[in-house]
Amino acid sequence: MKNISKSERNKLKGHKGLAVWLTGLSGAGKSTIAVELEQQLFAKNIHTYTLDGDILRTGLNKDLSFTEEARKENIRRTGEVAKLFVDSGTVVIAAFISPFANDRKIVRELLGEEFVEVFVNCPLEVCEQRDVKGLYKKARKGELKNFTGIDSPYEKPENPELTLNTDLQDLQECVQQILEFVLPKIELK
Ligand code: ADP
């Protein structure tokens, strides 16, 4: 009896697995980019899956709050799940605020070469103006505690593989920038 190896899985899928980790403020564009990126990869016959912070917090991570400890655990669990997807040969896209540099570093160390950190950069003022989910308004009124950018810090990535400026670049440009980096990386040699 022999376990199926990673290279056998990759061969079956026709590409390697990878974790594309989108980090940034709420409203910066992580979910929007994740959806469009997955569509474009899928159209190229690439096996994909998206892990979205908001969705995981209604299931696997629904017991977790937004304290520093809980955020750390949120990211730790997500990193472990992402690793399983990568092992399966999938390109997994993770859209998480993941505000703490050390938590992202732990995921990077867990995934090694198969981790791509994408800083979805957008000034707080623009995110707040967008206020897609009405959360900034709530946080400003004090109805939401520990909200990133308001009363909880966001530690910008120092050396991300990619930085997108969603206040200056449109969605298609952002996705194109990710594809140019990701496609050669998942290619089977
Ligand atoms: P997040 O997942 O980071 O909280 P969302 O994707 O939910 O953010 O919301 C981002 C908002 O910004 C959406 O309304 C989206 O249409 C808008 N937006 C404007 N420009 C961009 C861009 N270049 N990339 C992604 N979203 C953008």
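Preceding this paragraph is the structure being described.
Read on for a plain summary of the structure. (Residues numbered from 1 in each chain as written. Predicted model: local features only at pLDDT ≥ 70, side-chain atom pairs only at ≥ 80, totals over all residues. Heavy atoms only, no water.)

Structurally, the position occupied by E128 is in helix α6 (residues 124–130). Once the C-alpha coordinates of E128 and E36 are considered, the two residues, 92 residues apart in sequence, prove to be 22 Å apart. (Helix = DSSP H or I, 4+ residues; strand = E, 2+ residues; numbered from the N terminus.)

Turning our eyes to something else, we now look at unusual backbone geometry. A positive phi angle, near 65°, is found at N45, a position not held by glycine. As for its placement among the helices and strands, N45 is situated in the loop between α2 (30–43) and β2 (48–52). Phi is positive for N146, close to 55°, though the residue is something other than glycine. With respect to the helices, strands and loops of the structure, N146 is situated in the loop between α7 (135–140) and β5 (162–165).

Within the secondary structure layout, T166 lies in the loop between β5 and α8 (171–186). Once residues lying within four places of it in the same chain are set aside, the contact partners of T166 are A28, I33, V120, N121, C122, R130 and C174. (Contact = heavy atoms within 4.5 Å.)

What follows concerns the packing of helix α4 (residues 68–87) against helix α5 (residues 101–111). The angle between the axes and the distance between the axes are what describe a pair of packed helices. As a packed pair, α4 and α5 sit with axes 9 Å apart at the nearest point and diverge in direction by 20°. Considered as vectors, α4 and α5 are oriented roughly parallel to each other. Classified by chirality, the crossing of α5 by α4 is right-handed. Across the interface between the two elements, R71, K72, I75, G79, E80, A82, K83 and V86 from α4 touch D103, I106, V107, L110 and L111 from α5. The class makeup of the residues in the contact of α4 with α5 is 7 nonpolar, 1 polar and 5 charged. (Axes fitted to C-alpha atoms, helices over the stretch in contact; angles between N-to-C directions. Parallel < 35°, antiparallel > 145°, perpendicular 65-115°, else oblique. Left-handed = near helix turned anticlockwise from the far one by under 90°. Nonpolar A, V, L, I, M, F, W, Y, C, P; charged D, E, K, R; others polar.)

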